[in-house]
Amino acid sequence: MAVLRFYNTLTRKLEKFVPLNPEKVTLYTCGPTVYDYAHIGNLRAYTFADTLKRTLRYVGYPVYHVMNTTDVGQLESDADLGEDKIMIGVRRAAERGEQVTAWDIARLYTEKFIADRTAMNILPPDKLTPATEHVPQMIELIKTLEAKGFAYKTSQAVYFDVSKFPTYTELSRQKLEQLREGVREEVVVDSEKRNPADFRLWQLDQPNHAMLWDSPWGKGFPGWHLECSAMAMTYLGETIDIHTGGVDHIPVHHTNEIAQSEAATGKKFVSYWLHNEFIRVDNVKMSKSKNNFYSLNDVVQRGYSPMDLRYLYLEAQYRFPQNFTWQALTGASSARKNLLEQFAIVQYFVAEKEPMDVAEHPLRKKFASFLADDLNIPGALSIVWEVVKEASLTGIEKYSLLLDFDKVLGLKLAEVPTFGSFFSLEEQQGIRQLLIDRENAKKNKDWAVADELRDRLTQQSVRIVDTPEGPVPLVEEKTMV
Ligand code: AMP
Ligand code: ZN
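Since we're looking at a predicted model, the values are computed, not measured. (Residues numbered from 1 in each chain as written. Chains lettered and ligands numbered in written order. Predicted model: local features only at pLDDT ≥ 70, side-chain atom pairs only at ≥ 80, totals over all residues. Heavy atoms only, no water.)

Engineer: Where do I start with the overall build of the protein chain in this structure?
Structural biologist: On a plain count of helices and strands, the protein chain comes out with 15 helices and 15 strands. Seen along its three principal axes, the alpha-carbon backbone of the protein chain occupies a region of about 90 × 55 × 35 Å. Out of the 481 residues belonging to the protein chain, those deemed buried represent 56%. The long-range fraction of contacts in the protein chain, counting pairs at least 24 apart against all pairs at least 6 apart in sequence, stands at 74%. Approximately 21500 Å² of the protein chain is accessible, and the part contributed by carbon and sulfur atoms is 51%. When the 57 basic and 66 acidic side-chain charges of the protein chain are each reduced to a single mean position, those positions are 3 Å apart. (Helix = DSSP H or I, 4+ residues; strand = E, 2+ residues; numbered from the N terminus. Buried < 20%, exposed > 50% of the residue type's maximum accessible area, 1.4 Å probe, protein only. Contact = heavy atoms within 4.5 Å. Areas by Shrake-Rupley, 256 points an atom, 1.4 Å probe, with all protein chains shown as cover. Lys, Arg positive; Asp, Glu negative; His and termini not counted. Charge placed at Lys NZ, Arg CZ, Asp CG, Glu CD.)

Here it is as structure tokens:
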């Protein structure tokens, strides 16, 4: 098995990846809060997790991947006793004249998330699991924490006592005194809280909340951080190999996940923490007030394919901030279309042959070595273009290598329509004849006839690309992914 190296946020080092069980690598990714569309920043986080999972599989590890959806109405911040997020979705729907429940909102935006994920060819997790279906597991976890002396109750909530967990700031490397809750003045603070960084395991005293469950501490709902620990441990065991998320989750969410999981089990929660850097838009942070808060719908409405956004994300290594501009997306779009076209040409010449085994090919090794180096996808992408341009490779070599690389890149090369699969035999014959006629017309410098024949081909969804090996009829772009 190829050696992979990942930058582990926990140790701040590039480390060799050694799974607990090479027969089943366990991977957990924090999923969306389903009260609104995912924005393009979130989609970077999921694309990153996707390329990671594909890479693990590419080098031979079976992977089991779990992702949650936060469908419990979580409060806007850990210190904020204001409106919960799912209710924000309900209120916005009401403003549009739609009467919906919190559960409708969660269901609707889970569906939207799945649609975005599918459109960007992000593989589904093996388990996509809603928080609301795991409240009993969360209650059990709090009971364990309480029994071990890590949790205490106030009149408002049950909290995790961070002072009882000495390695609380190991992941974030912050000083405990620096951790201050509540950045906004109107935040209501629980005066019975022991330490500012103590976080809610169970929220009480919120009678207007739409989703409430009975518990040993009273009616309420679970804290956000708790759900990931409960679901990760339910499906992946007490210690998991890799946990992913964006860098914003390092100081609070993942720090709290570690604290409550390790306090409960006494075992290491996660071996490798991998965090993606942020997407910025025109070099500023995305925010609703700046009107630069784009969803995949915005991308599509401007005439791009969701796959263009995927290509753009492949152009940056996950640990570097990436700047989103429409110009950059235009560049990614034309590069992607060019790649599909180059692949279609290669595919035309190999004419339905089975791909060859490229396991030992030197260019595959080069491609894999970029992946092994902390998931250097842009480096791997450069090998794709090397294959396209390398004159010494045979058609079948190019075809096989590109299809093989696409297992990681997910650019849907295998779905580029082949001439043979798109047209009936009779149509193919007709098109070939038109091509021959056009070549003859060109030879005779009969340009008007040549142009007319080209137009007739275009009407049949065929675009001709002239290559050194002769004219290639391609299935028109609009029929491509
Ligand atoms: P949330 O729904 O806020 O938990 O976000 C879902 C995922 O997207 C998390 O892993 C976040 O860290 C990540 N994320 C949020 N904003 C951005 C951004 N601008 N760029 C990249 N990732 C982000
Ligand atoms: Zn999480």
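Engineer: How should the packing of aromatic side chains be read in this particular structure?
Structural biologist: The relation between two aromatic rings is expressed through the spacing of the ring centres and the mutual angle of the planes. With the rule as written, the count across this model stands at 24 aromatic pairs. Between Tyr37 and Tyr109 the ring centres are 5.5 Å apart and the planes differ by 80°, which places this aromatic pair in the edge-to-face class. Here Tyr109 lies in helix 3 (residues 102-119) and Tyr37 lies in the loop between strand 3 (25-29) and helix 1 (40-58), a separation of 72 residues in the sequence. Judged by its relative accessible area of 31%, Tyr37 falls in the partly exposed class. (Phe/Tyr/Trp six-rings, centres within 6.5 Å; stacked < 30°, edge-to-face > 60°.)

Engineer: When you look at the pattern of salt bridges in this model, what are you seeing that I'm missing?
Structural biologist: When the charged atoms of two side chains with opposite charge come close together, those side chains can pair. One pass over the full model with this rule turns up 24 salt bridges. Between Asp50 and Arg310 there is a salt bridge; the shortest N-O distance is 2.8 Å. Of this pair, Asp50 sits in helix 1 while Arg310 is found in helix 8 (residues 306-314), placing the two residues 260 residues apart along the sequence. Each member of the pair Asp50 and Arg310 is classed as buried. (Salt bridge = Lys/Arg side-chain N within 4 Å of Asp/Glu carboxyl O.)

Engineer: How do you make sense of the coordination of the zinc ion (ligand 2) when you look at a structure like this?
Structural biologist: Reference geometry at the metal: tetrahedral coordination by four donors gives ideal angles of 109.5 degrees; octahedral coordination by six donors gives 90 or 180 degrees. Taken together, the protein donors to the zinc ion (ligand 2) comprise Cys30 (SG), Cys228 (SG), His253 (NE2) and Glu257 (OE), at separations of 2.0 to 2.7 Å. Sequence positions of the donors to the zinc ion (ligand 2) reduce to the motif C-x197-C-x24-H-x3-E. Placement of the pair is Cys30 in the loop between strand 3 and helix 1 and His253 in helix 6 (residues 250-265), with a sequence separation of 223 residues. Per residue, the accessibility class of Cys30 equals that of His253, and both read buried. (Donors = N, O, S within 2.8 Å, 3.2 Å for Na, K, Ca; no water.)

Engineer: Looking at this structure, how should I read helix 10 (residues 362-372)?
Structural biologist: Each full turn of the α-helix corresponds to 3.6 residues, which orients residues three or four apart in the same direction. Taken as a whole, helix 10 has its buried residues at Leu363, Arg364, Phe367, Ala368, Leu371 and Ala372. Of the surrounding secondary structure, the elements contacted by the buried residues of helix 10 are strand 1 (5-8), helix 1, helix 11 (377-389) and helix 12 (395-409). Asp374 sits one or two residues past helix 10 and shows a positive phi near 50°.

Engineer: What is the right way to look at the domain arrangement of the protein chain in this model?
Structural biologist: Interface extent is often summarised as the accessible area lost during association of the parts. In terms of domains, the protein chain is made up of domain 1 (5-276), domain 2 (326-415) and domain 3 (419-475). One C-alpha centre belongs to domain 2, the other to domain 3; they are set 27 Å apart. Facing 6 residues of domain 2, the contacting portion of domain 3 comprises 11 residues. For the pair domain 2 and domain 3, the summed buried area comes to about 670 Å², and 70% of that belongs to carbon and sulfur atoms. The largest per-residue losses of area from domain 2 upon contact with domain 3 belong to Glu341, Tyr348 and Phe349, which jointly make up 69% of the total buried on that side. At the junction of domain 2 with domain 3, the criterion picks out 1 salt bridge. One can count 1 residue pair in polar contact (both at pLDDT 80 or more) joining domain 2 with domain 3. The class makeup of the residues in the side of domain 2 that touches domain 3 is 4 nonpolar, no polar and 2 charged. (Domains from an automatic or database assignment. Buried area = accessible area lost by both parts, 1.4 Å probe. Polar contact = N/O pair within 3.5 Å; in protein donor to acceptor, adjacent residues only side chain to side chain. Nonpolar A, V, L, I, M, F, W, Y, C, P; charged D, E, K, R; others polar.)

Engineer: I tried to follow the side chain of Lys53 on my own but got confused; where do I start?
Structural biologist: Relative to the elements of secondary structure, Lys53 occurs in helix 1. Despite its burial, Lys53 pairs with no opposite charge; the closest candidate is Asp50, at 5.1 Å N-O. For Lys53, the contacting residues outside a window of four places in its chain are Leu27, Val63, His65, Leu123, Pro124 and Pro125.

Engineer: Would you take a moment to explain the environment of Met286 for this structure?
Structural biologist: Looking at the element boundaries, Met286 is found in the loop between strand 12 (279-281) and helix 7 (296-301). The class for Met286 is buried, based on a relative accessible area of 10%. The sequence separation of Met286 and Ile40 amounts to 246 residues, and the corresponding C-alpha distance is 9.3 Å. If we skip the residues at most four places from it in the chain, Met286 touches His39, Ile40, Gly41, Ile279, Val281, Asn292, Phe293 and Tyr294.

Engineer: Looking at this model, I keep getting lost on the pairing of strand 3. Mind explaining?
Structural biologist: Looking along a regular strand, one sees the side chains alternate between the two faces of the sheet. Counted residue by residue, strand 3 has 5 buried out of 5 residues, so it is predominantly covered. Across the two faces of strand 3 the burial is the same, with Val25, Leu27 and Thr29 and Thr26 and Tyr28 all buried. By the bridge criterion, 5 bridges tie strand 3 to strand 4 (residues 63-69) in an arrangement that is parallel. Bridge pairing links Leu27 to His65 in strand 4. Handedness of the strand 3-helix 1-strand 4 crossover: right-handed. Bridging between strand 3 and strand 10 (residues 240-246) involves 3 bridges; their strand directions are parallel. Residue pairing for strand 10: Tyr28 is matched across the bridge by His243. (Pairing = 2+ DSSP bridges. Right-handed = clockwise from strand over helix to strand, strands pointing away.)

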